[in-house]
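Results of the structural survey
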Amino acid sequence: MTTDTSSAVEPQQQDIELAVTGMTCASCANRIQRKLNKLDGVSASVNYATEKAKVSYPVGGDITPHLLVETVEQAGYGATLPTPPAETATTDGPGHPGHGDSDTDTGSPEDAHLAAMRQRLIISTVLSVPVIVLAMVPPLQFTYWQWLSLTLAAPVIVWGGWPFHRAAWTNLKHGATTMDTLISLGTIAAFGWSLYALFFGTAGMPGMTHEFEFTARPGHGGEANIYFEAAVAITTFLLAGRYFEAKSRRTAGAALRALFEMGAKDVAVLRDGREERIPVGSLAVDDRFVVRPGETIATDGVVESGRSAVDASMLTGESVPIDVAEGDGVTGATVNVGGRLVVRATRVGSDTQLARMAKLVEDAQSGKAEIARLADRISGIFVPIVLVIALLTLIAWLVLGGGVNGAFTAAVAVLIIACPCALGLATPMALLVGTGRGAQLGILIKGPEVLESTRRVDTVVLDKTGTVTTGTMTLEDVVPADGEDAGRVLRLAGSVEDASEHPIARAITSAAAEQGPLAEVTDFENVPGRGVRGVVRDADIGGEVFAGRASLLTENGLRVGDDVMAVMTRAQERGATAIVVGWDGAARGVLVVADAVKPTSAEAIRHLRDLGLRPVLLTGDHEVVARTVADQVGIDEVIAGVLPEDKVDVVRRLQDEGRVVAMVGDGVNDAAALAQADLGLAMGTGTDAAIEAADLTLVRGDLRVTADAIRLSRRTLGTIKTNLFWAFAYNVAALPLAAMGLLNPMIAGGAMAFSSVFVVANSLRLRRFAPITPSAPAGGSTEHTDHSHHSGHHPGRPAATPTREDATLTKEGA
């Protein structure tokens, strides 16, 4: 009873993203995440690489955003709430609050923090070099050189290493240990021992020298050795590692910042017939705004007047501007390169395509894959274990007669070599760079768990309409009757079809308009289920022009010859639609219209096969149509005649056969199948429902990007595995060496810092990922049509967006 009641009144969850400061390693992120998750009803994920905490909390309860910030601060770190959109409307693109910082925005907190880190690194380096050189080159060890080393080393260890000491102390107050604990303990121990040797041992005696060694021998030295060089080298190495990590994270996030910054800053809105410039953030749905040539379109909308070409290359990668006219949709952040447009806003703020793209990228970068959660769990228990190993090492050396100096050296080396900063960076850095590169290429990875799915996929199911084909009816052929001219047949048919809004009519009209101006038509009539008729004002004909089914012509007394019927039969056998055109008592030709295969689909299928994937064509069309398309692109397995609601069952059946299925689709009827598939890929030119259900979104309508998406995902996953292997193998191999006294603490510190640099550099290699098609043409519109017959042109139906593929015209025989 209680369970039923509680579930019935389960509070609605609200998501918020906090910017977290003060984190220095993955253990810090784990600590904050545990603190937040202890709050009732809160689910939090903290990412060290992005320095963000994504928190979901119940609405209307005791949990407030300010309480979340206080919880982070109680853990010893800083947190800030996202900036309200109204405060950033004039500086950010639509719906992108708090992301106005860029590489040129020198006043941003990120840049200030980076500058402070750089200053600390430079000063520490300048002071450390003489200390290291004096310790490594005995001939340079003049009288009292050790005191100069102390003078130079003290600022490095105290001030230069202050971020590590501060973080270690903060965590210690909360009973926690992190990687900073190891660093702070190691450097303070080396510094403290050196001070003891100088003031209470023999290391401070005039003329003292000692050889620099890479190993610690049992029983050697004692109170005559100092380790300033180890302490300053460790501190400087780690400062360099942290600086380059921070700089790399900022560089890796450039793609996401570029998405945010694409949007227009202000817009000319029409108020009472006059233009008024307002910030983009003040734009509302149904506002009408003006876009002049060269201006960025402020938000998603529909063209109400004007004709132009729109450059969407920054958003989609499509290199050729797309023609738009009244009734066509346009996307915010694209550039108007032609005439003046008046656009009615349909989506603003966070609902725009640009904002959704950026949200997908940011969510992917902030999420954690299963492989990352494993690394987090290991790093969370790693530090206490290392402290125990260091203590046991110290005791073992003393008990076995290794001497105080040898025992101390080995214990400090264990502390330094064990610091698994590389472990904490391995996954988030690769995710950050990989998803950022994907965004640049028009590939949006919804979450890190997607990467693990791409590794196992062996079958890719492809929806036909709008995915393999353009989804737009296209004129494929004009076949004139004996003695007729193909151009004239097309022009007259296009003239009479011009008054119709049916996709088939649009295809014919678009192709006819390419040849020249259309003739004027009077007495137009749409004959439901049959076609159209109208009087075309042309000096060469004496009456009406008919275009549609053969029955429309025969019922109106026009003769349809055997040659025309043969062309119709051949067209229908291969799944195309045949439109008969006639006037003056006879059929004069046939127009062959079909949903054309995208010119890049065949190449895309080859690339998918090269990746070891088995393509399957899935469609609700007839078997003949499906087989024709499959033969054109090189697909052997076809599943045709499937109702929209049954697509998910097809995917489930393939999974029951033991296949790991990827599904590529673009329509509302694909959404369930995309969600059911092990990996869902949505064409970005498709519907919102499909995009929301998919794991990967392909911004362009080019099927070749599917192969790029899988290649990039697999490459990113491979990089994560390489990073983790390096971090794990490094610590596992180096700890025993350090415990046996075979590593000087300075060498241990340098090697540990190098492992972090390796992980960062390995991740940044993803920025050079090369797509198969650098600038492929877009696939066109995704208007879904039933083209099995020319059944009644529906004037009220939204017209398909014309593309360059609509104008395809082949004048050869069918």
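Residues numbered from 1 in each chain as written. Predicted model: local features only at pLDDT ≥ 70, side-chain atom pairs only at ≥ 80, totals over all residues. Heavy atoms only, no water.

1. As for the sheet that holds strand S10 (residues 322–324)
- Strand order in the open sheet formed by 3 strands is S10-S9-S12, and the pairing between neighbours is antiparallel. Two strands lie at the open edges of the sheet, namely S10 and strand S12 (335–336), each paired on one side alone.
- One ladder, built from 2 bridges, connects strand S9 (residues 308–311) with S12; its direction is antiparallel. In the sheet register, Val-310 faces S12, and the bridge partner there is Asn-336. (Pairing = 2+ DSSP bridges. Helix = DSSP H or I, 4+ residues; strand = E, 2+ residues; numbered from the N terminus.)

2. As for the packing of aromatic side chains
- Under the defined criterion, the tally for this structure stands at 3 aromatic pairs.
- Pairing Trp-147 with Phe-199 gives two aromatic rings, centres 5.4 Å apart and planes at 75°, and the pair type is edge-to-face. In this pair, Trp-147 is assigned in helix H6 (residues 145–160) and Phe-199 in helix H8 (residues 179–199), connecting sequence segments 52 residues apart.
- Judged by its relative accessible area of 26%, Trp-147 is partly exposed.
- Taken together, a centroid distance of 5.8 Å and an interplanar angle of 55° make the contact between Phe-191 and Phe-228 tilted. With a gap of 37 residues between them, Phe-191 in helix H8 and Phe-228 in helix H9 (residues 228–252) connect regions that are remote in the sequence. (Phe/Tyr/Trp six-rings, centres within 6.5 Å; stacked < 30°, edge-to-face > 60°. Buried < 20%, exposed > 50% of the residue type's maximum accessible area, 1.4 Å probe, protein only.)

3. Let's talk about the confidence of the model for the protein chain
- The pLDDT averaged across the protein chain works out to 76; a share of 74% of its residues lies at or above 70.
- No element of the protein chain has a lower mean pLDDT than helix H4 (residues 85–88), which averages 41, and none a higher one than H6, which averages 94.
- Under a pLDDT of 50 for its full length, residues 1–8 has, in the predicted model, 0 contacts with residues more than four places off or in other chains.
- Contacts of residues 85–106 to residues separated by more than four positions or lying in other chains number 55 contacts, the stretch itself having pLDDT below 50. (pLDDT = per-residue confidence, 0-100. Contact = heavy atoms within 4.5 Å.)

4. What about the pattern of salt bridges?
- The tally for this structure, following the rule as stated, stands at 24 salt bridges.
- The residue Arg-659 makes a salt bridge to Glu-657 at a minimum N-O spacing of 3.5 Å.
- Exposure remark for Arg-659: the relative accessible area of 12% places this residue in the buried category.
- It is possible to trace a salt-bridge network through shared partners that takes in Asp-286, Arg-288, Glu-304 and Arg-344. (Salt bridge = Lys/Arg side-chain N within 4 Å of Asp/Glu carboxyl O.)

5. Things to note about the sheet that holds strand S8 (residues 300–305)
- Reading across from one edge, S6-S5-S7-S13-S8-S11 is the order of the 6 strands in this open sheet, with antiparallel pairing throughout. One side of each edge strand has no neighbouring strand; the edge strands of this open sheet are strand S6 (274–279) and strand S11 (329–330).
- Pairing geometry for S8 and strand S13 (residues 341–347), over 5 bridges, is antiparallel. By the bridge assignment for S13, Val-303 is matched with Val-343.

6. Digging into the nonpolar core
- Counting 46 residues, the largest nonpolar core has Ile-443, Leu-462, Leu-617, Leu-681 and Leu-696 as the members making the most contacts within it.
- The element contributing the most residues to this core is helix H27 (residues 704–739), with 8 residues.
- Every residue in contact with Leu-696, bar those within four places of it in the chain, is listed here: Ile-443, Leu-444, Ile-445, Val-450, Leu-679, Gly-680, Leu-681, Ala-682, Ala-709 and Ser-713.
- One finds Val-131, Ile-132, Ala-230 and Val-412 within the second-largest nonpolar core, a separate group that totals 25 residues. (Core = buried A, V, L, I, M, F, W, Y, C linked by side-chain atoms within 4.5 Å.)

7. Quick word on helix H22 (residues 601–610)
- Taken together, the buried positions of H22 are occupied by Ser-601, Ala-604, Ile-605, His-607 and Leu-608. Buried residues in H22, looked at end-on, bunch into an arc of 160°, giving them a common side. Structural note: H22 exposes Arg-606 and Asp-610 on the side pointing more than 90 degrees away from its buried face.
- One or two positions beyond H22, positive phi appears at Gly-612, with a value near 85°. (Arc of directions from axis to C-beta.)

8. Regarding the pairing of S13
- The pairing of strand S7 (residues 288–291) with S13 spans 4 bridges and is classified as antiparallel. When the bridges of S13 are listed, Val-290 appears paired with Val-342.

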